[in-house]
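Structure at a glance
Residues per chain are reported as follows:
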Amino acid sequence: MPTLPLFVFGTLRRGECNHHYLAGAYDRVLAARLLGFARVEPLMIARQNGSAVDGELFFLTASTDSATLRECDRLEELTPGSLIGHEYRRIAVRIQTDIGEFAA
């Protein structure tokens, strides 16, 4: 089963300090918006109706998707096999782009 694209809004974006975790691991990237969420701190978001968070949607390559997600989870200090950490939660969301909506 293909991995969903990865939406990022903080330091994993292109030009940011942790983008090296994604460099070379994706086929394409789109400017994207996560509706129904708002920034509550510079690098933290929370659900909030009527708000949106801008970011980027990365389509990871099939050959590197699992390893890339593991490295991103390690960056976010997730316990291996867990999707919820101290200040991080990897969840499925709907993302808006100029070419349409994507599950991510």
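Everything below is about the structure printed above this text.
On a predicted model such as this, the values are computed, not experimentally measured, just so you know.

Considerations on the sheet that holds strand β5 (residues 100–103)
Overall, antiparallel pairing links the five strands, which are arranged β1-β3-β2-β4-β5 in an open sheet. In this open sheet, the two strands that pair with only one neighbour each are β1 (6–8) and β5. If you compare each strand with its neighbour and ignore which way they point, the axes differ by 40° on average. Across two bridges, the pairing between strand β2 (residues 26–41) and strand β4 (residues 94–97) is antiparallel. Its bridge partner being in β4, Leu34 is matched across the sheet by Ile95.

Section: helix α1 (residues 65–75)
Residues of α1 that are buried include every one of Asp65, Thr68, Leu69, Cys72 and Asp73, and no others. Each buried residue of α1 sits inside an arc of 135° when the element is viewed along its axis, so together they form one side. Within α1, the exposed residues directed more than 90 degrees away from the buried face are Arg70 and Arg74. On its buried face, α1 is in contact with β1 and β3 (44–60). Glu77 lies just past α1 and shows a positive phi near 60°.

Reading the values: the criteria
Residues numbered from 1 in each chain as written. Predicted model: local features only at pLDDT ≥ 70, side-chain atom pairs only at ≥ 80, totals over all residues. Heavy atoms only, no water. Pairing = 2+ DSSP bridges. Helix = DSSP H or I, 4+ residues; strand = E, 2+ residues; numbered from the N terminus. Axes fitted to C-alpha atoms, helices over the stretch in contact; angles between N-to-C directions. Buried < 20%, exposed > 50% of the residue type's maximum accessible area, 1.4 Å probe, protein only. Arc of directions from axis to C-beta. Contact = heavy atoms within 4.5 Å.

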